[in-house]
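Summary of structural features
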Amino acid sequence: MNLQHERIADACRQLGLHVISEAWPSLAQANIEQDKGYGDFIEHLLAEELKSKHHRTRTALLKFAGFPCIKTLEEYDFKFASSAPKALLTELAGLSFVHRKENVVLLGPSGVGKTHLALALGYRAVMAGIKVRFITAADLMIQLAAANQQGKLKSYLQRGITAPKLLIIDEIGYLPFGRDEANLFFNVIAKRYENGSIVLTSNLPFSQWAGTFADDATLTAAMLDRLLHHCHVAQISGESYRLKNKKKAGVLPSIGDI
Ligand SMILES: Nc1ncnc2c1ncn2[C@@H]1O[C@H](COP(=O)(O)OP(=O)(O)OP(=O)(O)O)[C@@H](O)[C@H]1O
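Computed from a predicted structure; not experimentally measured. (Residues numbered from 1 in each chain as written. Predicted model: local features only at pLDDT ≥ 70, side-chain atom pairs only at ≥ 80, totals over all residues. Heavy atoms only, no water.)

1. Considerations on the overall build of the chain
When helices and strands are tallied, the chain shows 12 helices and 5 strands. Taking 258 residues into account, the globule formula puts the C-alpha radius of gyration at 18 Å, and the chain, at 24 Å, lies well above it. Dimensions along the principal axes, computed over C-alpha positions, put the chain at roughly 75 × 55 × 30 Å. Relative to its 258 residues, the chain shows a buried fraction of 39%. Expressed as a percentage of contacts within the chain between residues at least 6 apart in sequence, the contacts between residues at least 24 apart total 77%. Carbon and sulfur atoms form 55% of the exposed surface of the chain, whose accessible area is close to 14400 Å². (Helix = DSSP H or I, 4+ residues; strand = E, 2+ residues; numbered from the N terminus. Rg over C-alpha atoms; globule rule 2.2 N^0.38 Å. Buried < 20%, exposed > 50% of the residue type's maximum accessible area, 1.4 Å probe, protein only. Contact = heavy atoms within 4.5 Å. Areas by Shrake-Rupley, 256 points an atom, 1.4 Å probe, with all protein chains shown as cover.)

Structure follows, in structure tokens:
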């Protein structure tokens, strides 16, 4: 290993500096041509390595998050969803709620964009380097029940529930839970209470949540107490965005016409 470029390549490999290993000859040449100093050269090398590292981290976080698709706040049409609390949602997009371990609950009827907004917050968080996990309430129940049956609940809760800094649980209220499931769900909320943020979406007002959780008013009250202690609630009303274009085309009547 006498050649300098071989020694550099070997050192880079040992240090995990894969971008520098590839890029340094062309960056060195550019540095000479632009008559820049050694400091500029080192800074440029490190910036390229960091850029690549951030990209790899985001890619891994995005995979872990399990988003069904990417949605952004910029794509959300606040003119259509005129009741959506824009100032609050814009503030939440700053992500300080995640650092303060606060929760967000998005409430409203079907199609008003609750999942869209939850995904948008999740995507923002991933782009900021935060570990996020998105799961529907129904899938969460299946996974919790399976882990419980296999005697692996503790490790599932550790890996799937407490590890992410932001846990997004979508669609509470569409499927009612049995007693065991309700207890397991309570566990999730209790585990994360004051330890990490939850973003939760539901089509049901809080007053009807007990119906989803095995009609157990005591358990539901204890769960809501924890969930809402440090929480931002965004209520969105209005018509489903899914029907927007159909109504425009005259395929469906608007609610006012019915
Ligand atoms: N205001 C909006 N601007 C842009 N797209 C929107 C808006 N509201 C909803 N959408 C889009 O409409 C579709 C349905 O929205 P979404 O699933 O987020 O609604 P939801 O309130 O979660 O409904 P559900 O309770 O039925 O799951 C998605 O493709 C979403 O991106």
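2. Description of the site of the ligand
The immediate surroundings of the ligand are formed by 17 residues, with Asp77, Ser110, Thr115, His116 and Tyr174 found nearest. Between the ligand and histidine 116 there is a distance of 2.6 Å, counted from an oxygen atom to a side-chain nitrogen or oxygen. Arginine 242 has a polar side-chain atom sitting 3.0 Å from an oxygen atom of the ligand. Coverage of the ligand by the protein amounts to 87% of the 630 Å² it exposes when considered alone. In terms of residue count, the dominant contributor to the shell around the ligand is helix H6 (residues 114-127) (3 residues). Split into classes, the residues belonging to the shell around the ligand amount to 6 nonpolar, 5 polar and 6 charged. (Near = heavy atom within 4 Å. Polar contact = N/O pair within 3.5 Å; in protein donor to acceptor, adjacent residues only side chain to side chain. Nonpolar A, V, L, I, M, F, W, Y, C, P; charged D, E, K, R; others polar.)

3. Focus: the environment of glutamate 239
Among the structural elements, glutamate 239 can be located in the loop between strand E5 (231-235) and helix H12 (244-248). Sequence-wise, glutamate 239 and lysine 101 are 138 residues apart; in three dimensions their C-alpha atoms are separated by 32 Å.

4. Quick word on the pairing of strand E1 (residues 103-107)
With 5 of 5 residues buried, E1 is to be regarded as a mostly interior element. Side chains of E1 alternate between two faces, with Asn103, Val105 and Leu107 and Val104 and Leu106 buried alike. Bridge count between E1 and E5: 5 bridges; the pairing is parallel. In the sheet register, valine 105 faces E5, and the bridge partner there is valine 233. Direction of pairing for E1 relative to strand E4 (residues 197-202): parallel, over a ladder of 4 bridges. Counted as the bridge partner of valine 104 is valine 199 from E4. (Pairing = 2+ DSSP bridges.)

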